[in-house]
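What follows is each chain in one-letter form.
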Amino acid sequence: MNKETEIPERSSWPFWRNLGFVILFAVAFVVALNRINLDLSLLVDNFPSTLKLWSAFAKPDWSVFSEGVILLIKTLYMAFMATALALPFAIVLSFLGAKNLMNSPVAKAIYTFVRGLASIIRSIQPIIWAIIFVVWVRTGPFPGVLALWIHSVADMTKLFSERVESIDTGPMEAIRATGAGKLLVLIYGVIPQIINPYLSFTLYRLDINVRMATIIGIVGGGGIGMRLYSYINKWNFPKAVVLTMLIVIMVWGIDYLSSRLRERIETGGGEKSQEYSI
Amino acid sequence: MKKPKRFTFPDLSDRIKPLLLDWLIWGYLAYTVIFLLDSYWYTQYVDWYGSLTLPPWGWALTVLGTLGCAVASERFGISVGLKTIKGEERSPQKTWALTNWGITTLVLVIFTFWVGWLTTDMEIGIITRRASKTSHLWYGLSHPDFTHLINIDPELNDTILGSLVDTLFMAYLATVIGGFLAAPLGFLGARNIMGGSPFRKTIFYITRAFFNVVRSVESLLWAIVFAIWVGWGPAAGTFALLIHSMAALAKLFSEQVESIKKGPIEAVQASGASFWQIVRYGAVPQVIPQYTAFLLYRLDINVRMATVIALVGGGGIGRFFFYYKSQLDWNQVGAVTIVIATVVWLLDYISGKAREKIV
């Protein structure tokens, strides 16, 4: 039934349903607490074991600073390369994975294949992909880029094709009515509607990739995470703290820039939406 | 009531910001050019000069030179900074790629790509050359061995399904507790609620900075901290996911609070309600549906993360994945990967459907 045509019915069902959900969630919570042994007293009792870590914040070892900055730049380039290389693949695949563009039986099969593959690849974390690529092409930033790339392609394909599926068919039909072929309909009817969301999603993905690039080094994917993890394994916290600070500054900065740019793209360069203060 | 205008430097700020942006762009371009020169010069093995190292005055020259370029580009009207900061309209006749913006973006992207290719050691040939090394991997992954799905693995003292339940519970606990703690913090980090007095503003800035710092450290890194703190196991993973979720949700939540609508609040205000009553009856009902959607989204992210958090001692199904991987037992790795992919996919699907229904 259509959402608009549905007549809201006043009955006690929503109340009982909500109550059921609450009870279900509460029971799951208690069971989970028992199974995981989440004990807050552990945090208090074991606090001395982290003293070495916290004291490192008081006297960080700045000798790794310049090396850290270079690693940071490398990490940024990894994220950039993964996103930039994923973009063309995702654009092409997004049209193949859009239900409304793929009508014939053959096209439907392609649609199912593209979306299915994208879901499977997306369900496997970049870290796991990095393990596979480290086996494949050896340790270094390259497998890290490949891992981020394959996950980005799948994720962007899904986001992009969902966007293509929600386009307005009016402009498409108008252009088809002029006798234009499929390609021209795509260029003049579809692309103008999706270019800004695509840019926005790409920036969002860049942001995610920067975050992921900082940890992908743990499994040998290169970048700043690799060095950070080796310092932690050697219990060299004063150096690890400096690298962590650098990571925080970079991720924060990229997050800020990316969200500002996305805001600008989404509002078409207009002013910010009205805020209200109490 | 009109606010008294704050004293600003309108002219100075309008001139300096575009200049800084231009300088940044030119400076970055100079950096990439020096990097490329350095890289290629060194690989060419010119015998009379090993590698290009900038003399000390070279850096000063680069800094001043790029500043000069920035000033010149503003002088000749090709400045990107002026266009960005002042927001000048572009003439509609020109195609986008031929505007200053377009040219600058293209040049920067090309140079960044070039430098990125070199810094990340890209070598496409190695993929085909070493493809044979991965044949056992693909064979194992496509012939999964599900023996330990319900039978206890003596090495890990658990079954795959049992650790899967652990993983889901970890994500669930982290989301629920994190979400519960994030709600009050979200109000403290909302500009419109904390904008009144300087004291409230200080709290706002501290809360926001706290979110951002905690959020910037990935939950995998938090897991290392908590593995040291409470020992290896699912509890450490849960704490790590919890603290990261709390910060991320609090940020999303405070943005949601900032975008609440005026009407209901004024209505409550008009009835003579106190500050807390305004929050309770004017603001909270407006953010609940969106917040539930955030929670579902976060649960989805947490399940994904919980599958790999065992890498640093966080417990869950990843324990099996990384153990079998270290044993090079690819058939078992295949089984674990299939279980992970199925569960993550299912959760993603359910959470997506539920979010659609709520929002």
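Residues numbered from 1 in each chain as written. Chains lettered and ligands numbered in written order. Predicted model: local features only at pLDDT ≥ 70, side-chain atom pairs only at ≥ 80, totals over all residues. Heavy atoms only, no water.

## Remarks on the side chain of Thr-119 of chain B
Looking at the secondary structure, you find Thr-119 of chain B in helix α4 (residues 100-119). What makes Thr-119 of chain B buried here is its relative accessible area of 9%. (Helix = DSSP H or I, 4+ residues; strand = E, 2+ residues; numbered from the N terminus. Buried < 20%, exposed > 50% of the residue type's maximum accessible area, 1.4 Å probe, protein only.)

## Considerations on empty space enclosed by the protein
This structure, assessed with the given rule, holds 1 cavity of 30 Å³ or more. Lining the largest cavity are Ile-128 and Ile-132 of chain A together with Leu-141, Phe-321, Trp-330, Val-333 and Thr-337 of chain B. Ranked by residue count, the leading element in the lining of the largest cavity is helix α14 (residues 330-358) of chain B, at 3 residues. Residue composition of the lining of the largest cavity, by class: 6 nonpolar, 1 polar and no charged. (1 Å grid on protein atoms, 1.4 Å probe; cavity = no way out; pocket = protein on both sides within 12 Å on 5 of 7 lines; lining within 4 Å. Points joined across faces, edges and corners; volume = space filled by probe spheres on them. Nonpolar A, V, L, I, M, F, W, Y, C, P; charged D, E, K, R; others polar.)

## Description of a nonpolar patch on the surface
A cluster of nonpolar side chains, namely Phe-15, Trp-16, Leu-19, Ile-23, Val-27 and Val-31 of chain A, defines an oily patch on the protein surface of about 590 Å² accessible area. Along the chain, Ile-23 of chain A falls in helix α1 (residues 13-36). (Patch = residues over 30% accessible without salt bridge, like charges linked within 9 Å, V, L, I, M, F, W, Y side chains within 5 Å. Areas by Shrake-Rupley, 256 points an atom, 1.4 Å probe, with all protein chains shown as cover. Salt bridge = Lys/Arg side-chain N within 4 Å of Asp/Glu carboxyl O.)

## So, the interface of chain A and chain B
Contacts between the two partners involve 71 residues from chain A, matched on the other side by 81 residues from chain B. Between chain A and chain B, the buried area comes to about 6,900 Å², and carbon and sulfur atoms account for 73% of it. Put simply, chain A and chain B have 17 residue pairs in polar contact (both at pLDDT 80 or more) between them. Of the residues belonging to the side of chain A that touches chain B, the class tally is 50 nonpolar, 10 polar and 11 charged. (Contact = heavy atoms within 4.5 Å. Buried area = accessible area lost by both parts, 1.4 Å probe. Polar contact = N/O pair within 3.5 Å; in protein donor to acceptor, adjacent residues only side chain to side chain.)

## Examining the packing of aromatic side chains
The final tally for this structure, using the stated rule, is 27 aromatic pairs over all chains. With a centroid separation of 6.2 Å and an interplanar angle of 40 degrees, the aromatic rings of Phe-111 of chain B and Trp-114 of chain B are classed as tilted. A residue pair is termed a helical-turn pair when its members lie 3 or 4 positions apart in one helix, as Phe-111 of chain B and Trp-114 of chain B do in helix α4 at 3 residues. We classify Trp-114 of chain B as partly exposed; its relative accessible area is 39%. Between the aromatic rings of Phe-226 of chain B and Trp-229 of chain B, the centroid separation amounts to 5.5 Å while the plane-to-plane angle is 5 degrees, which identifies the pairing as stacked. Of this pair, Phe-226 of chain B and Trp-229 of chain B both sit in helix α9 (residues 219-230), 3 residues apart, roughly one helical turn. Judged on exposure class, the residue Phe-226 of chain B and its partner Trp-229 of chain B are both buried. Taken together, the ring pairs in this structure connect Phe-47, Trp-54 and Phe-57 of chain A together with Trp-222, Phe-226, Trp-229 and Phe-239 of chain B into an aromatic cluster. Over the face of the ring belonging to Tyr-281 of chain B we find Arg-280 of chain B, whose NZ or CZ atom lies 4.7 Å from the ring centre. (Phe/Tyr/Trp six-rings, centres within 6.5 Å; stacked < 30°, edge-to-face > 60°. Lys NZ or Arg CZ within 6 Å of the ring centre and 35° of its normal.)

## Focus on unusual backbone geometry
Positive phi values are uncommon outside glycine, yet Trp-235 of chain A reaches one of about 55 degrees. Tracing the backbone shows Trp-235 of chain A in the loop between α10 (224-233) and α11 (237-266). Taking the relative accessible area as the measure of exposure, Trp-235 of chain A reaches 42% and is therefore partly exposed. Its identity as a non-glycine residue notwithstanding, Asp-121 of chain B has a phi of 55 degrees, on the positive side. Structurally, Asp-121 of chain B is set in the loop between α4 and α5 (125-129). Under the relative-accessibility criterion, Asp-121 of chain B is labelled partly exposed at 45%.

## Describing the nonpolar core
Counting residues in each nonpolar core, the largest one holds 133 residues, and the members touching the most others are Leu-220 and Phe-226 of chain B. Looking at this core, the element that brings in the most residues is helix α10 (residues 234-258) of chain B, giving 13 residues. Setting aside anything within four residues of it in sequence, one finds Phe-226 of chain B in contact with Leu-43 of chain A together with Gly-231, Ala-236, Phe-239, Ala-240 and Ile-243 of chain B. With 17 residues, the next largest nonpolar core counts Ala-90, Val-164, Ala-180 and Tyr-198 of chain A among its residues. (Core = buried A, V, L, I, M, F, W, Y, C linked by side-chain atoms within 4.5 Å.)

## Considering the packing of helix α5 (residues 105-123) of chain A against helix α7 (residues 141-165) of chain A
Residue and element names in this part refer to chain A. Taken N-terminus to C-terminus, the directions of α5 and α7 make an angle of 130 degrees; their axes are 8 Å apart at the nearest point. It follows that α5 is oblique to α7 by the angle criterion. Of the two possible hands of crossing, α5 and α7 adopt the one that is left-handed. Counting all contacts with α5, which are made through Tyr-111, Val-114, Arg-115, Ala-118, Ile-121 and Arg-122, the residues of α7 involved are Ile-150, His-151, Ala-154, Asp-155, Thr-157, Lys-158, Ser-161, Glu-162 and Glu-165. Taken together, the residues of the contact of α5 with α7 sort by class into 6 nonpolar, 3 polar and 6 charged. (Axes fitted to C-alpha atoms, helices over the stretch in contact; angles between N-to-C directions. Parallel < 35°, antiparallel > 145°, perpendicular 65-115°, else oblique. Left-handed = near helix turned anticlockwise from the far one by under 90°.)

## Notes on the side chain of Asp-207 of chain A
With respect to the element layout, Asp-207 of chain A can be found in helix α9 (residues 182-215). Contact partners of Asp-207 of chain A, with chain neighbours within four places excluded, come to Ile-254, Asp-255, Ser-258 and Arg-262 of chain A.

## Quick word on the packing of α5 of chain A against α14 of chain B
Each pair of packed helices gets described by two things: the angle between the helix axes and the distance between those axes. Running from N to C, α5 of chain A and α14 of chain B point in directions that differ by 110 degrees, and their axes come no closer than 8 Å. On the basis of the axis angle, α5 of chain A is roughly perpendicular to α14 of chain B. Contacts from Ser-119, Arg-122 and Ser-123 of chain A in α5 of chain A reach Ile-340, Ala-341, Val-344, Trp-345 and Asp-348 of chain B in α14 of chain B. In terms of residue class, the contact of α5 of chain A with α14 of chain B is built from 4 nonpolar, 2 polar and 2 charged.

## What about α5 of chain A?
Note that an α-helix has 3.6 residues per turn; residues three or four places apart therefore point the same way. Compared with the 27 Å implied by 1.5 Å per residue over 19 residues, the 27 Å span of α5 of chain A between its first and last C-alpha is a close match. Taken together, the buried positions of α5 of chain A are occupied by Ala-107, Tyr-111, Val-114, Arg-115, Ala-118, Ile-121, Arg-122 and Ser-123 of chain A. Considering only its buried residues, α5 of chain A is in contact with α4 (65-96), α6 (126-137) and α7 of chain A together with α12 (275-306) and α14 of chain B. (Expected span 1.5 Å × (residues − 1).)

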